[in-house]
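Structural features, examined
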Amino acid sequence: MSSKKTDATRRAIVGATIGVGLGIGSLSLLAPVVSLRPKKEVTPESEPPKEGDLLTFAVGDKAGKVVTFDDLPLEGPAVLAYPKDPKTGVIKSGEKNNLVLLIRFKPDELGDEVKKYSADGAVCYSAICTHLGCTVGEWDAAKGLLLCPCHKGLYDPRHGAEVVSGPPPRPLPVLPIRADGNKPVVAGGFTSQPGVLAGTTAAGGSCAV
Ligand code: FES
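Sequence order as written defines residue numbering, which begins from 1 separately in each chain. At least 70 in pLDDT is required for a residue's local features to be given in this predicted model, at least 80 for side-chain atom pairs to be given and counted, and no such filter applies to totals for whole chains, interfaces and linings, which use all residues. Hydrogen atoms and water are omitted, and side-chain values are computed over all heavy atoms in the structure.

A few words on the state of the cysteines. Note on terminology: disulfide describes a covalent bond linking the sulfur atoms of two cysteines. Note on terminology: disulfide denotes any pair of cysteine sulfur atoms within 2.5 Å. Enumeration according to the criterion identifies 1 disulfide in this entry. With a sulfur-sulfur separation of 2.0 Å, Cys134 is cross-linked through a disulfide to Cys150. On the sign convention where negative is left-handed, the bridge of Cys134 and Cys150, at about -90° about the S-S bond, is left-handed. Within this pair, whereas Cys134 is found in the loop between strand 4 (122–126) and strand 5 (138–140), its partner Cys150 is found in the loop between strand 6 (145–148) and strand 7 (153–156), the two being separated by 16 residues in sequence. Accessibility expressed as a relative area gives 1% for Cys134, which makes it buried. Secondary structure follows DSSP: runs of H or I at least 4 residues long count as helices, runs of E at least 2 residues long count as strands, and numbering of each begins at the N terminus. When accessible area is computed with a 1.4 Å probe and restricted to protein chains, residues below 20% of their type maximum are described as buried, those above 50% as exposed, and intermediate ones as partly exposed.

Below, the structure written as structure tokens:
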């Protein structure tokens, strides 16, 4: 091998070694940052909803009381609720993403995508807007749609809370429910992650609610 070639080969090896070294160095610098990120403590109040949980009014005169089907007016508006562990009596209001909404229709009005998660025509969705996290607490009775007041996001509760208009990037996740006597109870976890997902929302704007 000529000395020119040898030098070139040596330079290439040194370069590659430095590159790998820098890569590992960067990763090892990153590791403490990741591991130092404070872990959110899960308390009984912040646990996600689970099978068998009751649903209790989140606001108003009946706050804390268990929601029954009779409390859900046909064709809306929606009722805001938090899950409640029936064994411990703990209401899971310690996590924003546990806030849900219940709304009721005639069963044959519901689309197939959500009918399987419903009970007696009632459906339950995350009440946290997928845009910037405001509470989807308003009901546009004329359109029959759920309204997020922050940037006028509209969701269709008869069809899986799909986005009809406005900036939300995805539908509201469904919380499956079943009937237990005259009460809707949780039948499983959310069908997808509730709240705002990183990278799904364009920069700008903020949630004022
Ligand atoms: S439309 Fe709901 S936070 Fe923007």
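Strands sit in the order 5-6-7-8 across an open sheet of 4 strands; the sheet is antiparallel. The strands lining the two open edges of the sheet, one partner per strand, are strand 5 and strand 8 (162–165). With direction set aside, neighbouring strand axes in the sheet form an average angle of 40°. Pairs of strands are assigned from DSSP output, requiring at least two bridges between the strands. Sheet topology note: the strand 7/strand 8 ladder contains 3 bridges and is antiparallel. Opposite Asp156, over in strand 8, you have Glu162 as the bridge partner. Axis lines are fitted through C-alpha atoms, for helices just across the contact stretch, and the angle between N-to-C directions can take any value from 0 to 180 degrees.

Basic side-chain nitrogens of Lys or Arg form a salt bridge, by our definition, when they fall within 4 Å of a carboxyl oxygen of Asp or Glu. The tally for this structure, following the rule as stated, stands at 9 salt bridges. Salt-bridge contacts for Lys92 lead to Asp53; the nearest nitrogen and oxygen are separated by 2.7 Å. Here the residue Lys92 occupies a position in the loop between strand 2 (79–84) and strand 3 (100–104), and Asp53 occupies one in the loop between helix 1 (3–36) and strand 1 (54–57), the gap between them amounting to 39 residues. A relative accessible area of 0% places Asp53 in the buried class. Measuring nitrogen to oxygen at the nearest pair gives 3.0 Å for the salt bridge that ties Lys62 to Asp71. Linked through salt bridges whose partners overlap, the residues forming this network are Glu47, Lys50, Asp53, Asp85 and Lys92.

This part covers the nonpolar core. What tends to happen in soluble globular proteins is that the nonpolar side chains get buried as a cluster. To define a nonpolar core, start from buried Ala, Val, Leu, Ile, Met, Phe, Trp, Tyr and Cys residues and group those joined through side-chain atoms within 4.5 Å. Leu101, Tyr125, Val136, Leu146 and Leu172 are the most contacted members of the largest nonpolar core, which has 24 residues in total. The set of elements that each furnish at least two residues to this core consists of strand 2, strand 3, strand 4 and strand 6. In this structure, Leu55, Ala119, Cys124 and Phe190 belong to the second largest nonpolar core, which totals 16 residues.

The strands that make up a sheet pair up through hydrogen bonds in the backbone, lying either parallel or antiparallel. The 4 strands lie next to each other as 1-2-3-4, forming an open sheet whose pairing is antiparallel. Strands at the two margins of the open sheet, each flanked by one partner only, are strand 1 and strand 4. For this sheet, the mean angle separating the axes of adjacent strands, direction not counted, is 45°. Both strand 2 and strand 3 contribute to a ladder of 3 bridges, which runs antiparallel. If you follow Ala81 over to strand 3, its bridge partner there is Val100.

As a further point, take unusual backbone geometry. For the bond from Gly76 to Pro77, the omega torsion is 5°, close enough to zero to count as cis. You will see that Glu75, though not glycine, has its phi angle at about 70°, which is positive. Counting through the fold element by element, Glu75 comes out in the loop between strand 1 and strand 2. The exposure class assigned to Glu75 is partly exposed, which follows from its relative accessible area of 26%.

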